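# Geometric and topological summary
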Amino acid sequence: MNKKVLYPGIITLIILIAGVLWLNNDISKKQQESLGGIDSKNFVELSDDNPTFDTWGKNFPDHLDMYLKVEQEKPIPTEYGGNLAYSKLIRYPQLTVLWAGYPFALDANEERGHFWVQVDQMDTARNNKDFLNAHGYKAFQGQPTACMNCHSGWTPWLIKNVAKNDWIAFNTTKYWTMIKNIPDNMTTPTNIPEHESIHGGKRMGVTCADCHNPNDMSLRLTRPAAINALVARGYEKDPIQGIKATREEMRTLVCSQCHVEYYFKPTGTKVKVIGESIANDNTKKWWDGTQKTYDEFDSWRDGNKAIEIEADGLELVFPWAEWKKGQPFRIEMFDDYYEKVRSIFAKDWDHKITGAPMLKIQHPESELYSGGVHAANGVSCADCHMPYIRKGAKKLTQHNITSPLQDINSACKTCHTQSESYLKTQIKDIQNSVAYDLRTAEYAIVSLIQDIKTLRDSLSNMPEYKNNNQKINDELKEVLELHRKAQMRADFVGAENSTGFHNPREASRMLLQAVDMARLGQAKLVEIATSNKINNFKISNLGFEDIQKLNPGEIYYKTDLNGHKAGERYYKHSNINGNPPKELLENDKNIKPYNYQIVDKK
């Protein structure tokens, strides 16, 4: 045997085998990375017993890094959104009139995103009973825990472990009472400053467990209100996913757990819930001198402890029963639904100026999107708001959930071949058009509100109506219904966070209805004035400059309250509830009336 031939051959074979093994290992590693970037080195067992994103993120550090980016980055405003929490009431002063008598008329800021939702819910003046009562909202008795469904990643844990799987009891309990029952974040004791942290503590917002199954990270629904509403639409329940749906459907439905319209439906029954012993301490009083029923603080303190009480039951409900599976949403479905439940739930509040029974619409992105061109072509929420991105060899879903405008290349250009500048221009053009329609509707409704007040005042001075508010309401009944329905439509588009982009045709259609209803209401006011021989009645037509006179400014304490002095700014941080950037106000000025020479040029 020729050893000179044999030895080099063996060496070459060994090198080839080693190379194949190395290449296989490298490919396997890259495949693992590309399937989600799982960190097997620091792997921890995931469980619903610990929903904190800091824990889940140990297995998925790349996803956690993306999610936490918003914590450190400078807030970025866009023309009609972004995450700079300026006051919407300063930018759109008409809202103070549209929401008159409702806490939103006092405090409404631009949203900061999923990471901050629980912080912002805890800090808002709309969740501060003493502040609201002292500032003219004396009927406000405190938010229920139903508000936590979309704001706290601890919600499923609380439903199971604190409310003992009693869905009605969970929703009915007072917000600040339920917060006190959030456990420590598995590493620190309760009732210490660290436990108030946004990282696993009481201020933790949306987390991984809200959308992902801990066993295999598959998508799932964890919120009972969403599951119940989807079943009412025609979906079938599923013990693992919540409802039976394809993965592509789930990439939208997990968002529909919160990005929806909802209301708190009275059950008509009493339910046993957690209360607070402070209600039995006659030394603890609210601002107005009445007995405190709960401590507006996130921990048990000063001897206050949990007790069992009875309360009127509430259920968080999505008004979807008229919107069937496979159908695009239409605003008339809300008209029909709320009319059918009117004997149970008549209104969110009585309008302070007109007396109309009003409905407040909240962030109905799921409804509007359902009839848009993207939904028709099978595009999910995640495709645009959580697009696939590359990090080295890894293919990851973007978990810094934000506007597609922040990354058009990833969010839009996987389907669209046009340039980024072209796509951005098209988006802005659509939003500008819907914003014009929205401002037109809002100004028309504010004009109607002003005219209703004028006529109410005139009627109240007439002998046949004096001291008879019900008779005035009966005379204005048709107009008040037009106010209710017109404002519901404008509020729908205003509360929906895409400025109509999710379905511009439907957004414009309902806004045209809103304008039509407002103007029809004014026409009927003229008829009522004429029939009552009020000859000097004239209708209003308010514009941008008139609306700016309604600017409420930032929120300040009007009286000494809970350690705060009159004149003190309500929010501690200057970037919350401040003035919007000047360029946004300039943009609004040129939208209504539409100054194409400036708007189109921009």
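Values in this document were obtained by computation on a predicted structure and should not be read as measured data.

### Here's the deal with the overall build of the protein
Of regular secondary structure, the protein possesses 24 helices and ten strands. For the C-alpha atoms alone, the extent of the protein along its principal axes is close to 125 × 65 × 50 Å. A total of 602 residues make up the protein; the buried ones form 51% of that total. Taking the intrachain contacts of the protein between residues at least 6 apart in sequence as the baseline, contacts between residues at least 24 apart amount to 69%. Averaging the locations of the 75 positively and 76 negatively charged side chains of the protein gives two centres separated by 1 Å.

### With respect to the pattern of salt bridges
Taken as a whole, this structure holds 28 salt bridges when the rule is applied. Here Asp123 makes a salt bridge to Arg203, at a shortest N to O gap of 3.1 Å. One end of the pair, Asp123, is in helix H6 (residues 117-123); the other, Arg203, is in the loop between helix H10 (175-179) and helix H11 (224-233), and 80 residues separate them in sequence. According to the relative accessible area criterion, Asp123 is partly exposed, its value standing at 25%. Taking relative accessible area as the criterion, Arg203 reaches 21% and is therefore assigned partly exposed. Connected via shared salt-bridge partners are Arg330, Glu332, Glu506 and Arg509.

### So, helix H13 (residues 332-340)
Taken together, the buried positions of H13 are Met333, Phe334, Asp335, Tyr337 and Tyr338. The inward-facing, buried residues of H13 contact strand S5 (263-276), strand S6 (306-317), helix H14 (365-369) and helix H20 (477-495).

### Regarding the environment of Ala306
As for its placement among the helices and strands, Ala306 is situated in strand S6. Residue classification places Ala306 among the partly exposed positions, given a relative accessible area of 44%. For the pair Ala306 and Ser277, spaced 29 residues apart in sequence, the C-alpha separation works out to 6.2 Å. The residues contacting Ala306, other than those within four sequence positions of it, are Ile274, Gly275 and Trp300.

### Notes on the packing of aromatic side chains
Taken as a whole and assessed by the stated rule, the structure comprises 29 aromatic pairs. Consider the rings of Trp154 and Trp157, whose centres lie 5.8 Å apart with planes at 85°: the pair is edge-to-face. Judged on exposure class, the residue Trp154 and its partner Trp157 are both buried. Summarising the aromatic geometry, the rings of Tyr337 and Tyr338 are spaced 5.6 Å apart at their centres and angled 90° between planes, so their arrangement reads as edge-to-face. For Tyr337, a relative accessible area of 8% translates into the label buried. The exposure class assigned to Tyr338 is buried, which follows from its relative accessible area of 2%. Taken together through their ring pairs, the aromatic side chains of Tyr263, Phe318, Trp320, Trp323, Phe329, Phe334, Tyr337, Tyr338, Phe345 and Phe492 make up a single cluster. Lys325 extends its terminal NZ or CZ atom over the ring of Tyr235, reaching a point 4.4 Å from the ring centre.

### Considerations on unusual backbone geometry
With an omega dihedral of 0°, the bond running from Lys592 to Pro593 counts as a cis peptide bond. The residue Pro593 is located in the loop between helix H23 (582-591) and helix H24 (596-599) in this model. The backbone of Asn165 sits at a positive phi, close to 65°, despite the residue not being glycine. Within the fold, Asn165 resides in the loop between helix H8 (155-161) and helix H9 (167-172). For Met217, which is not glycine, the phi torsion reads 65° and is therefore positive. Inspection of the secondary structure puts Met217 in the loop between H10 and H11.

### Section: the confidence of the model for the protein
Taken over all residues, the pLDDT of the protein has a mean of 93, while the share at 70 or more is 92%. In the model, residues 27-35 has pLDDT below 50 throughout and makes ten contacts with residues more than four positions away in sequence or in other chains.

### Details of H23
Every α-helical turn comprises 3.6 residues, leaving residues that sit three or four positions apart pointing alike. Within the span of H23, buried status applies to Leu584, Asn587, Asp588, Asn590 and Ile591. Viewed end-on, H23 has its buried residues packed into an arc of 165°, placing them on one side of the element. Packing partners of the buried residues in H23 comprise strand S1 (77-78), helix H4 (88-91), helix H18 (420-460), helix H22 (544-548) and H24.

### Here's the deal with the side chain of Ser380
Examined against the element boundaries, Ser380 turns out to sit in the loop between helix H15 (373-376) and helix H16 (381-385). Residue Ser380 is classed as buried on the basis of its relative accessible area, which comes to 3%.

### Considerations on the state of the cysteines
Under the counting rule described, the total for this entry stands at zero disulfides. Free cysteine Cys384: the closest other cysteine sulfur is in Cys412, separated by 6.3 Å. Of the residues examined, Cys384 reaches a relative accessible area of 19% and is grouped as buried.

### Quick look at the packing of H18 against H20
Helix-helix packing is characterised by the crossing angle of the two axes and by the distance between the axes. Contact pair H18 / H20: the axes reach a minimum separation of 10 Å and the direction vectors enclose 150°. In terms of orientation, H18 lies roughly antiparallel with respect to H20. The handedness of the crossing between H18 and H20 comes out as left-handed. Residue-level inspection shows Val434, Leu438, Ala441, Glu442, Ile445, Leu448, Ile449, Ile452 and Arg456 of H18 in contact with H20, the latter providing Val479, Leu480, His483, Ala486, Gln487, Ala490, Val493 and Gly494. Classifying every residue of the contact of H18 with H20 gives twelve nonpolar, three polar and two charged.

### Observations concerning the environment of Asp336
Summarising the element assignment, Asp336 is placed in helix H13. Look at Asp336 and you get partly exposed, because its relative accessible area is 41%. Along the sequence, Asp336 and Lys471 sit 135 residues apart, while their C-alpha atoms lie 27 Å from each other.

### Some points on the environment of Glu196
With respect to the helices, strands and loops of the structure, Glu196 is situated in the loop between H10 and H11. Assessed through its relative accessible area of 28%, Glu196 is described here as partly exposed. Each C-alpha atom, one on Glu196 and one on Gln94, is 36 Å from the other, the two residues being 102 residues apart in sequence. Every residue in contact with Glu196, bar those within four places of it in the chain, is listed here: Lys202, Arg203, Phe297 and Asp298.

### Overview of the side chain of Glu296
Mapped onto the elements, Glu296 comes out in the loop between S5 and S6. Within the buried set, Glu296 has no salt-bridge partner at all; the shortest N-O distance to an opposite charge, 6.4 Å, is to Lys292. In terms of polar contacts, Glu296 uses its side chain to reach the backbone amide nitrogen of Lys129, at 2.6 Å. In this structure, Glu296 is in contact with Asn127, Asn128, Lys129, Asp130, Trp176 and Trp286, ignoring residues within four places of it in sequence.

Criteria and cut-off values
Residues numbered from 1 in each chain as written. Predicted model: local features only at pLDDT ≥ 70, side-chain atom pairs only at ≥ 80, totals over all residues. Heavy atoms only, no water. Helix = DSSP H or I, 4+ residues; strand = E, 2+ residues; numbered from the N terminus. Buried < 20%, exposed > 50% of the residue type's maximum accessible area, 1.4 Å probe, protein only. Contact = heavy atoms within 4.5 Å. Lys, Arg positive; Asp, Glu negative; His and termini not counted. Charge placed at Lys NZ, Arg CZ, Asp CG, Glu CD. Salt bridge = Lys/Arg side-chain N within 4 Å of Asp/Glu carboxyl O. Phe/Tyr/Trp six-rings, centres within 6.5 Å; stacked < 30°, edge-to-face > 60°. Lys NZ or Arg CZ within 6 Å of the ring centre and 35° of its normal. pLDDT = per-residue confidence, 0-100. Arc of directions from axis to C-beta. Disulfide = S-S within 2.5 Å. Axes fitted to C-alpha atoms, helices over the stretch in contact; angles between N-to-C directions. Parallel < 35°, antiparallel > 145°, perpendicular 65-115°, else oblique. Left-handed = near helix turned anticlockwise from the far one by under 90°. Nonpolar A, V, L, I, M, F, W, Y, C, P; charged D, E, K, R; others polar. Polar contact = N/O pair within 3.5 Å; in protein donor to acceptor, adjacent residues only side chain to side chain.

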